[in-house]
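# Structure at a glance
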Amino acid sequence: MENIEKKEQLYEGKAKKVYATNDPNLVIVDYKDDATAFNGVKKGTITGKGVINNKMTNFMFSLLEKEGVPTHLVKEISDRETIVKKVSIVPLEVIVRNVAAGSFSKRMGVEEGKQLLCPILEFSYKCDELNDPFINDDYALALGIATKEEIDTIKTLTLKVNAFMKDFFKKLNIDLIDFKIEFGKTPDGQIILADEISPDTCRFWDSTTHEKLDKDRFRRDLGGVEEAYHEIMKRIGLGE
């Protein structure tokens, strides 16, 4: 990896920038401290978030690779930057809910904190202009967003991610309430886990106190946002 050179910026999203490299199959992801909520309506900064999200994502992806979940991770090259495989992102946000919270509680009239009888896997169409609308398998198939085989692979991998992460975090006295992940497709058509796993994309509650240890502290103006992110890092063994 010593000869990988950072080239022009290809993309800038809400939380990351992506740069080309001198290898057409690899890109560099640069994590930002910018924070957004409610599809970009609320904006702010969480100091040090980029470093935490980069390091935590790489740590979790490394663990998931060992569990048989293929990811885009190649190599972390700085506190904020990681070389990853270049993929075409499948435009589905894949959400898993273990406990009622957030938009699900509002939509279904279910009290936050209610344990669900089984995990719920749901899709949103990844489109900022439409506010990432909720869709099902038939929508995805009919619109050509993904094939039946790709959807089946995504579901299988997602449930494997959920089972592993629930157990992993429970041992740290953290409940994995829900999370969002994304998948990409390599040039040869393989579906692999991409994007990130962090307090930006997961709801983490302390198992004892139910204190929120994630971006909900930013969304809901609860304060202690940076402290919550650092607490997650500390518990997984990456923080002070």
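Scroll up for the structure.
These remarks concern the structure in this document. Predicted, not measured: the structure shown is a model, and the values here were computed from it.

M60, M165, F169, L193, I197 and F204 are the most contacted members of the largest nonpolar core, which totals 46 residues. Those elements that place two or more of their residues in this core are β4 (34-37), α1 (49-66), β9 (92-99), α4 (148-170), β12 (174-185), β13 (191-194), β14 (202-206) and α6 (225-236). When residues of this core are assigned to their parent elements, the largest contribution, eight residues, is made by α4.

This part takes up α6. Taking 1.5 Å as the rise per residue, α6 with 12 residues should run 16 Å; its terminal C-alpha atoms sit 17 Å apart, in good agreement. Of all the positions in α6, only V225, A228, Y229, I232, M233 and I236 are classed as buried. An end-on view of α6 places all buried positions within 140° of arc, on one side of the element. Turning to α6, the residues buried within the fold contact α1, α4, β12, β14 and α5 (216-219). Downstream of α6 by one or two residues, G237 has phi in the positive range, about 95°.

Attention now goes to the layout of surface pockets. Rolled over the atoms, a probe as big as a water molecule pinpoints where empty space is left. Roughly 170 Å³ of internal volume is contained in the second largest pocket. Taken together, N98, V99, G113, Q115, K166, K170, I174, D175, L176, I177, W205 and H210 form the lining of the second largest pocket. The element contributing the most residues to the lining of the second largest pocket is β12, with four residues. Within the lining of the second largest pocket, the residues separate by chemical class into five nonpolar, four polar and three charged.

Definitions and limits used
Residues numbered from 1 in each chain as written. Predicted model: local features only at pLDDT ≥ 70, side-chain atom pairs only at ≥ 80, totals over all residues. Heavy atoms only, no water. Core = buried A, V, L, I, M, F, W, Y, C linked by side-chain atoms within 4.5 Å. Buried < 20%, exposed > 50% of the residue type's maximum accessible area, 1.4 Å probe, protein only. Helix = DSSP H or I, 4+ residues; strand = E, 2+ residues; numbered from the N terminus. Expected span 1.5 Å × (residues − 1). Arc of directions from axis to C-beta. Contact = heavy atoms within 4.5 Å. 1 Å grid on protein atoms, 1.4 Å probe; cavity = no way out; pocket = protein on both sides within 12 Å on 5 of 7 lines; lining within 4 Å. Points joined across faces, edges and corners; volume = space filled by probe spheres on them. Nonpolar A, V, L, I, M, F, W, Y, C, P; charged D, E, K, R; others polar.

That's the geometry; what it means functionally is another story.
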